[in-house]
Amino acid sequence: MLATALVLVAALLHAAWNTLIKFSAERLLVVACMDSVALLFVAIMLPFVALPPLDIWPWILASAAFELLYRYLLIQAYRVGDLGLVYPLMRGLSPLVVLALTLIFAGESLTDQQIFGILLIPLGMLCLLWQGGGGARLPWSMLPVVALIGLCIGCYTYIDGQALRRWSHPLDYLVWVTLLSAWPFPLLAWVSKRPAFKLFWREQWRLGLAVGFCVLFSYALVLWAMQLGSIAEAAALREISVILVVLFGMRYLKEPFGRPRLLACGLVFVGMLVMKF
């Protein structure tokens, strides 16, 4: 029950920071500010965390690499697609990736009911390919990008879960992964857009702090939840954020809420209920 509560709070925070990124016209700068906050957190926490064993470093490096690619692709996708379309499509694929990796490589045992509930989530995401999800269609050229984002999310989620099975220190793991993944975008913004980056911090520092807090806290809660229970189930339950993002997009970005998006949200919700009850 605790793992479920942790994942649901993480989903709320994840939906919030994606909405904030989509809301801003300077998405690279928002991500750079977000990662700057994360680096500040790491600088404060480094003296208090343990150094990972050697066999954990490949997992940390792989997770950081997938997260960096995920951030880059996310910026590209949000330039052309609705939040309520891009986010559900990319998140809907990740439970399938985690489920496949978990069943094939981790030997984790899941009931037929859990597997069915997980499969309902990507099925709901397929509804969004019908008539643009009730709004503007996503260009076909962006579908491979969105699919690759989902693959990245699924891979780093699986990697994180397996790493924590081997080294049960979620806070320490969070710090080391963040140390490796959080510096490239602030450096890129500082080198390529230094005046704009400095101005953005002066004028929108609250946005940077809010996104940074949501990212860190969301990630920490998911790591904790995966340590407590099933990795595949935690990855799937986190997709309740799809419903929140569609609602946030409708409320704050004035995006449409057509029947395909309604059906997608319904299937995500039903999938979550099937898994837990």
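Every residue gets a number counted from 1 within its own chain, in the order that chain's sequence is written. Restriction of local features to residues with pLDDT of at least 70 applies here, the model being predicted, together with a cutoff of 80 or more for giving and counting side-chain atom pairs; totals for whole chains, interfaces and linings are based on all residues. Derived side-chain values reflect all non-hydrogen atoms in the structure, with water molecules and hydrogen atoms excluded from consideration.

Draft legend 1. Structural context of the pattern of salt bridges. Within this document, salt bridges are pairs made up of a side-chain nitrogen of Lys or Arg and a carboxyl oxygen of Asp or Glu, the two lying within 4 Å of each other. Enumeration over the complete set of coordinates arrives at 3 salt bridges. Put simply, D35 and R71 hold a salt bridge, and the shortest N to O gap is 3.1 Å. Linking D35 in helix 2 (residues 27–45) with R71 in helix 3 (residues 57–78), this pair joins segments that are 36 residues apart in sequence. Of the two residues, D35 and R71, both sit in the buried class. Between E67 and R71 there is a salt bridge; the shortest N-O distance is 3.6 Å. Each helix is a run of DSSP H or I of at least 4 residues and each strand a run of E of at least 2, with the numbering of both proceeding from the N terminus. Relative accessibility under 20% of the residue-type maximum defines a buried residue, over 50% an exposed one, and the middle range a partly exposed one, all with a 1.4 Å probe and only protein chains included.

Draft legend 2. How the structure looks around the confidence of the model for the protein chain. Along the chain, pLDDT gives the predictor's confidence residue by residue, from 0 to 100. Looking at the protein chain as a whole, the pLDDT averages 82, with 86% of positions reaching at least 70. Looking over the protein chain, one finds the lowest element-wise mean pLDDT in helix 10 (residues 231–237), namely 70, and the highest in helix 7 (residues 170–181), namely 94.

Draft legend 3. Structural context of the state of the cysteines. Throughout, disulfides are identified as pairs of cysteine sulfur atoms within 2.5 Å of each other. Under the criterion given, the structure shown has 0 disulfides. Considering cysteine sulfurs only, C155 is the nearest to C152, which forms no disulfide, with 6.9 Å between them.

Draft legend 4. Examining the UniProt feature "transmembrane region" (unreviewed entry) in the protein chain more closely. UniProt marks residues 28–49, 56–73, 85–106, 115–132, 138–159, 171–192, 204–224 and 259–275 with the feature "transmembrane region" (unreviewed entry), using the numbering shown here. Note that residues 56–73 is 94% helix and 0% strand, and that its end C-alpha atoms are spaced 26 Å apart. The span residues 171–192 is 91% helix and 0% strand, and its two end C-alpha atoms sit 32 Å from each other. UniProt positions are given in the numbering used here, feature names are shortened, and annotations may be inferred rather than shown by experiment.

Draft legend 5. Spatial organisation of the nonpolar core. Buried Ala, Val, Leu, Ile, Met, Phe, Trp, Tyr and Cys residues form a nonpolar core when they are joined through side-chain atoms within 4.5 Å. Counting 80 residues, the largest nonpolar core has W17, I21, Y70, M90, I149, Y173 and V211 as its most contacted members. Top element by residues in this core is helix 9 (residues 194–228). It accounts for 12 residues. Here, residues are in contact when the closest pair of their heavy atoms is within 4.5 Å. Not counting chain neighbours up to four residues away, the residues in contact with V211 comprise W17, L20, I21, V30 and M34.

Draft legend 6. Summary view of helix 7. Multiplying one less than the number of residues by 1.5 Å gives the expected span of a helix. Taking 1.5 Å per residue, 12 residues should reach 16 Å; helix 7 reaches 16 Å between its end C-alpha atoms and fits that length. Of all the positions in helix 7, only P170, D172, Y173, L174, V175, W176, V177, T178 and S181 are classed as buried.

Draft legend 7. Seen up close, the side chain of T102. In this structure, T102 sits in helix 4 (residues 83–106). When its relative accessible area of 0% is taken as the criterion, T102 is described as buried. For this analysis, a polar contact is any N or O atom pair within 3.5 Å, provided that within protein one partner can donate a hydrogen and the other can accept it, and provided that sequence-adjacent residues contribute only side-chain to side-chain pairs. Within the structure, T102 has its side chain in polar contact with the backbone oxygen of V98 (distance 2.7 Å).

Draft legend 8. Broad picture of the packing of helix 2 against helix 9. Two elements in contact, helix 2 and helix 9, have axes whose closest approach is 7 Å; the angle formed by their N-to-C orientations is 65°. Considering the relative orientation of helix 2 and helix 9, their crossing is right-handed. On helix 9, the residues that touch L29, V30, A32, C33, M34, S36, V37, A38 and F41 of helix 2 are A196, F197, F200, W201, L207, G208, L209, V211, G212, F213, V215 and L216. Residue classes in the contact of helix 2 with helix 9 are distributed as 18 nonpolar, 3 polar and no charged. Fitting a line to C-alpha atoms yields each axis, with helices limited to the stretch in contact; the angle taken between N-to-C directions then spans 0 to 180 degrees. Helix crossings fall into two classes, left-handed where the near helix is turned counterclockwise from the far one by less than a right angle and right-handed where it is turned clockwise. Put simply, Ala, Val, Leu, Ile, Met, Phe, Trp, Tyr, Cys and Pro go in the nonpolar bin, Asp, Glu, Lys and Arg in the charged bin, and everything else, Gly too, in the polar bin.

Draft legend 9. Representation of the environment of T4. Structurally, T4 is set in helix 1 (residues 2–23). Overall, T4 belongs to the buried group, its relative accessible area being 12%. With 222 residues separating them along the chain, T4 and M226 place their C-alpha atoms 9.8 Å apart.

Draft legend 10. Broad picture of a nonpolar patch on the surface. For patches, a residue must show more than 30% relative accessible area and have no salt bridge; joins then use 9 Å for like charges and 5 Å for nonpolar side chains, namely Val, Leu, Ile, Met, Phe, Trp and Tyr. Note that accessible areas follow from Shrake-Rupley with a 1.4 Å probe, and for residues the cover is restricted to the protein chains shown. A contiguous nonpolar patch, built from L69, Y72, L148 and L151 and spanning about 320 Å² of accessible area, is present on the exposed surface. Residue placement: L151 occurs in helix 6 (residues 143–166). For L151, a relative accessible area of 37% puts it in the partly exposed group.

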